[in-house]
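The primary structure of each chain is shown beneath.
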Amino acid sequence: QVQLVESGGGLVRTGDSLRLSCAASGSMFRINVMGWYRQAPGKQRELVATVTSGASTNFADSVKGRFTISRDNAKNTVVLLMDSLKPEDTAVYYCYALLVELFPSRTRDVWGQGTLVTVSS
């Protein structure tokens, strides 16, 4: 069973930086995509950033230029560096992975438990 464990959330001030980390553990064949989604109170979960095994990245427009995502394929880890944080970045951040499994042959979404990021004004 694959688990994603996040760390690094917390309370910061506007303009501060924060680093979120996520590590995947368990039996898996390959992880195609890793990334981060977030959910603010009263809102739907939304994409923040993803990175493929080939290092292609995708960012939400709201975080472009402020957030950076990186991945270590050998360690199955992903890191989100968040700079110039704003109050509207306040949300629970969820680590995400798109797994490739062999038996049965399929792809599967896996989510972490979430870590709270609060940005005060």
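Each remark here, short or long, concerns the structure printed above.
Criteria and thresholds
- Residues numbered from 1 in each chain as written.
- Predicted model: local features only at pLDDT ≥ 70, side-chain atom pairs only at ≥ 80, totals over all residues.
- Heavy atoms only, no water.
- Buried < 20%, exposed > 50% of the residue type's maximum accessible area, 1.4 Å probe, protein only.
- Helix = DSSP H or I, 4+ residues; strand = E, 2+ residues; numbered from the N terminus.
- Pairing = 2+ DSSP bridges.
- Contact = heavy atoms within 4.5 Å.
- Polar contact = N/O pair within 3.5 Å; in protein donor to acceptor, adjacent residues only side chain to side chain.
- Axes fitted to C-alpha atoms, helices over the stretch in contact; angles between N-to-C directions.

Student: Please explain the pairing of strand S11 (residues 115-120) as it appears in this structure.
Tutor: Note on strand geometry: in a regular strand, side chains alternate between the two faces of the sheet. Only one face of S11 is covered, namely the one carrying Thr 115, Val 117 and Val 119; the face carrying Leu 116, Thr 118 and Ser 120 has none of its residues buried. The sheet contact formed by strand S2 (residues 10-13) and S11 spans 4 bridges and is parallel. Within S11, the residue paired with Val 12 across the bridge is Val 119. Looking at chain direction, strand S9 (residues 91-101) and S11 are connected through 3 bridges and run antiparallel. What sits directly across from Ala 91, in S11, is Val 117.

Student: Honestly, the environment of Arg 108 in this entry has me stumped. Any pointers?
Tutor: Position of Arg 108 relative to the elements: it lies in strand S10 (residues 106-111). Along the sequence, Arg 108 and Leu 98 sit 10 residues apart, while their C-alpha atoms lie 5.7 Å from each other. Residues within four places of Arg 108 in sequence aside, it is in contact with Val 2, Ala 97, Leu 98, Leu 99 and Glu 101. Only 2.8 Å separates the side chain of Arg 108 from the side chain of Glu 101, close enough to count as a polar contact.

Student: In this structure, what is going on with the pairing of strand S1 (residues 3-7)? I would like to understand it.
Tutor: Here S1 shows a clear split, with Leu 4 and Glu 6 buried on one side and none of Gln 3, Val 5 and Ser 7 buried on the other. In the sheet, S1 pairs with strand S3 (residues 18-25) via 5 bridges, with the strands oriented antiparallel. The partner of Val 5 across the bridge, within S3, is Ala 23.

Student: Could you clarify how one ought to interpret the sheet that holds strand S8 (residues 77-82) in this entry?
Tutor: By definition, the strands of a sheet pair up through backbone hydrogen bonds, in either a parallel or an antiparallel sense. The 4 strands lie next to each other as S1-S3-S8-S7, forming an open sheet whose pairing is antiparallel. In this open sheet, the two edge strands, each paired with only one partner strand, are S1 and strand S7 (67-72). Ignoring strand direction, the axes of neighbouring strands in this sheet form an average angle of 15 degrees.

Student: In this structure, what is going on with unusual backbone geometry? I would like to understand it.
Tutor: Note: most peptide bonds trans; most residues except glycine with negative phi. Cis rather than trans, the peptide bond between Phe 103 and Pro 104 has omega equal to 0 degrees. Note on placement: Pro 104 falls in the loop between S9 and S10. Positive phi, normally seen in glycine, also occurs at Ala 55, with a value near 75 degrees. Mapped onto the elements, Ala 55 comes out in the loop between strand S5 (46-52) and strand S6 (57-59). Residue class for Ala 55 comes out exposed when judged on its relative accessible area of 55%.

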